[in-house]
Amino acid sequence: TCGPTMASTTGAEEPALAGEQAAQPPPSSPPQPQTKSLTTQKIIRCRRFAAEGNCPPRYRSNTPKEELLVAHVREFEQQFITVYGPRHLFLTPPNEVQVPKFLPSTMRPTHLPYTELYDYKTAALFLSSFLNYEPLKIPDKYPTVIPSPANVLKWQAGDCFDFSIVLCSLLIGVGYDAYCVSGFAPRFITTRNEARSKCPFLEKKAKPPPTADDEDPDVKFTIPKKPPLESKHERQQEAREAEDARLREEQAMRSDSDDDPSSDEDECMNKRIHCWVLLRKGQREVPEDIWIEPTTGRVYDMKSCPYIGIDLIWNHKNLWVNMQQVPAKDVKLELFNSRYFEYVMVEPESLQDHQEGEGEGMAETDAAAAAAPGAEAQYVLDMPPSWSERLDISREAYHARCYQGAKTTLYYKCKVEQFAPYDQVDGLVQRVFSYKDVRRQIPVEVKETFKHRRDHLVERTRWPMENKVLERFDPGREKALKEYRCTESIERTLVWYSSSRSDGLVQTTQRIGEKFMEWFSDRDDRLTYHSVTFDKEASGPARKKVPLSIETAGEVPIRKMTQKFRRDPSLPIEQDFAKIVYLVRDNCIRVDFHCEGSKITHRSLTFVKNDNNGMEMQTPLWLDNYPDWVMPSAQQVQQLLAREKNCHTTFKDHLSQEQQELATRRKEEHSITAWRSIDRKEGEEKTTGHVGSGSQPAREKEIPVLERSVYDLARERANEEGGREGIEEEQEEEAANQVDILAPYLVDFQGKPLDTMQAEFVAKKCKNEFRKRLLDRAQIIQKRLEKEQDELKKKRSQMQRRGDSDNKTEVEFEKFQNQAMFRIQILEQRLARHETQAINKFAELEKILAEDPRLAAMWQKPTQDRR
């Protein structure tokens, strides 16, 4: 009556069976026998959710339309088995409260307000870290429960089906043509073992090849290049070496890796059930169909995917059963072609589009069934809205990112650790280890990423085998440090934000004990570079000649100092210095001038110091060829000596500033190390259950290493204001609901304050009536207790007077006696509790009367008139 795809089962049976390969179901999907379900964490979560009793009505029962849909799906399944033979179809799994739901109705397309979830790549990577993956307990059986995607996000845990349904719901919500795919995958996919996969954080993006648009449009003619000469022998040698390297790598992976997924034989070879996501081309500028693995966030091409076979494909509108016995990479995704897929729900628009596109390829019976006019169109069953609640991720959970704040993933020769922001005392959010060996025991590179650091450190890369360190900083440091590179005891480089410095310093490089160099930009004096070279070979009196203090080498003499300047067009060539070299050891100064126009040679002048603190110029050989050259005056020559002194002072100051910046960095790292040790100590105390009396947890202190971002502060302020408003509302509601016990006694005194006598009268009357109510309550309980005791005595006396009695009477008496004793015991406990509570209630009443401002006159001493 509903018009399923099996409307073509009677007519489509012949064309479907005409192709033997298309008619039979895949061999890897036999009917699954009923086995005893194992209790997993997923089932425990679903039971707790069902026991809470506050789940929406659509979780606990189906609407009439959903009942009709489930009946239609079961009829489809029966017809499918009748036509194609026994095959297990995972169509209507139960939800959290064991109510059968059609798989497409479980999806809930949702658009969340996070930019990272708007792109399929970033959304897949986010969910792979945000959710905790739980492999199927029985790898070759479908899960026994499919919860709503809203609960999966709330629990932050699930299996591959939960991952795929959540990711597909989010992708459809932002406009992608996404589908869930269930089928079969190898063990390393189903167990999320990436020990043989390359780390995605280390893969470098390849540069795109140059296109015709990149060529120079002004070049009209090009000279064809000759093909490079290649040796066939060398090509064969390179191919042989590459093949040998590949074999050695595979052998090392098999022999050395303890977590190699192919090291043991798989008992469920080609039978492991898995679920992933299919993204079709067309919408959101997706160029081609791709597979997305939701558990890892990896994207695969259609022809290079690791999946073995496909069983079902579904989205939020329909479900298709695969009829092709081919690997997943060779499956033809013509969903409304009955030779390849059987669809559950009839979609007239899709069928019409398929008929127009396929033409003769469409089976005639399917076309006839789809084009059935008039009366049958009204029986087409459409998909009801999703029964799941709307998907939601709180901002706190979104910014925490990782499940329970931390995640560790092992890759081939690599390990990645991820942490939630503010979880680590040093602000660490990601650490990537690169190893030399497959067992991951010899680290080659360690890359750390930080957030919310007060020192603005964002990235640190260490090479332990080479004693090299690279640190990068965000803008905001006092000295505008941008990057710090250091090779222990060899070289040290500091890169600065030149726009944030008044001196325009761009980079500082020091070869320890050899040379100190600095680069500048946009300076008024046109200085672009200066350097000082140390004389390590100097000995005796020469070591005391114009020395500079170096942190690791002490006082070191200077061999030469160099300054470079950019061209000033307003000055003539003979006055525009390009380079000045102060040869301290040789007691001379060399001045190089800028080149003229298109010339590539420059002219130089050398000045030698004399004993009278003067300068003598050495006549250059090129002077005869330039008779118009203006030689420098004596005043300009003396300015060179002043420049030399200023240069020496500048180097001294800059070396001091560099040492201060390095001392600040060491101090910052020592502080972080101290806080990390405190945090580790508190974690050990928390694990052992022993917490020192004088220690305060580091989480409760204001850690000076980190600083809150403006967004986090705004969220915390909003939460505090919301909590404060809630408390105020509760207090106002409590004050409104509070009963005024003095209201009945102040009726006669409204509109005027009470004097001492009136206040004492009101308080006494209130106490007496309250005491009377307590006594009356005690008397009522006492009377009930005495009544029960008298009835029990009468029954006992009656049994004694009768003497011998039958068993029935004794049984009735025993029953009455037990019930009476139970009631007497309860009344005695109630009476004792009432006596205790009466004392406390009366004391509380006296406290209320003493604090009530309307009875304040009762506590004031009366004044006596003195005459």
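Above: the structure in question.
Scoring rules and cut-offs
- Residues numbered from 1 in each chain as written.
- Predicted model: local features only at pLDDT ≥ 70, side-chain atom pairs only at ≥ 80, totals over all residues.
- Heavy atoms only, no water.
- Phe/Tyr/Trp six-rings, centres within 6.5 Å; stacked < 30°, edge-to-face > 60°.
- Helix = DSSP H or I, 4+ residues; strand = E, 2+ residues; numbered from the N terminus.
- Buried < 20%, exposed > 50% of the residue type's maximum accessible area, 1.4 Å probe, protein only.
- Pairing = 2+ DSSP bridges.
- Axes fitted to C-alpha atoms, helices over the stretch in contact; angles between N-to-C directions.
- Contact = heavy atoms within 4.5 Å.
- Patch = residues over 30% accessible without salt bridge, like charges linked within 9 Å, V, L, I, M, F, W, Y side chains within 5 Å.
- Areas by Shrake-Rupley, 256 points an atom, 1.4 Å probe, with all protein chains shown as cover.
- Salt bridge = Lys/Arg side-chain N within 4 Å of Asp/Glu carboxyl O.
- Lys, Arg positive; Asp, Glu negative; His and termini not counted.
- Charge placed at Lys NZ, Arg CZ, Asp CG, Glu CD.
- Left-handed = near helix turned anticlockwise from the far one by under 90°.

### Examining the packing of aromatic side chains
Applying the stated rule across the entire model yields 25 aromatic pairs. Judged by centre distance (5.2 Å) and plane angle (20°), the ring pair of Phe126 and Phe130 falls under stacked. Highlighted residues: Phe126 and Phe130, both in helix H7 (residues 120–130), separated by four residues, approximately one helical turn. Of the two residues, Phe126 and Phe130, neither departs from the other in class, the shared state being buried.

### Thoughts on the sheet that holds strand S6 (residues 298–301)
As summarised here, the arrangement of the seven strands in space is S6-S5-S4-S3-S7-S8-S9, forming an open sheet in which the pairing is antiparallel. Edge positions in the sheet fall to S6 and strand S9 (341–343), since each has one partner strand and no second. Taken pair by pair, the neighbouring strands of this sheet meet at an average axis angle of 30°, ignoring direction. Relative to strand S7 (residues 309–314), strand S3 (residues 178–184) runs antiparallel, the two sharing five bridges. The residue bridging Cys180 from the neighbouring strand is Trp314, located in S7. Strands strand S4 (273–279), strand S5 (290–293) and S6 of the sheet are contacted by H7, whose axis makes an angle of about 25° with S5. Helix-sheet contacts for helix H9 (residues 160–173) involve S3, S4, S5 and S7, and the interaxial angle to S4 is about 10°.

### Notes on a negative patch on the surface
On the surface, Glu720, Glu721, Glu725, Glu728, Glu729, Glu730 and Glu732 cluster together to form a negatively charged patch. Within the secondary structure layout, Glu725 lies in helix H16 (residues 710–737). Residue class for Glu725 comes out partly exposed when judged on its relative accessible area of 47%.

### Remarks on the packing of H7 against H9
The packing of two helices is summarised by the inter-axis angle and the distance between the axes. Their axes nearest at 11 Å, the elements H7 and H9 cross at an angle of 145°. Remark: the crossing between H7 and H9 carries right-handed chirality. On the side of H7, the interface is formed by Tyr120, Ala123, Ala124, Leu127 and Ser128, while H9 contributes Phe163, Val166, Leu167, Leu170 and Leu171.

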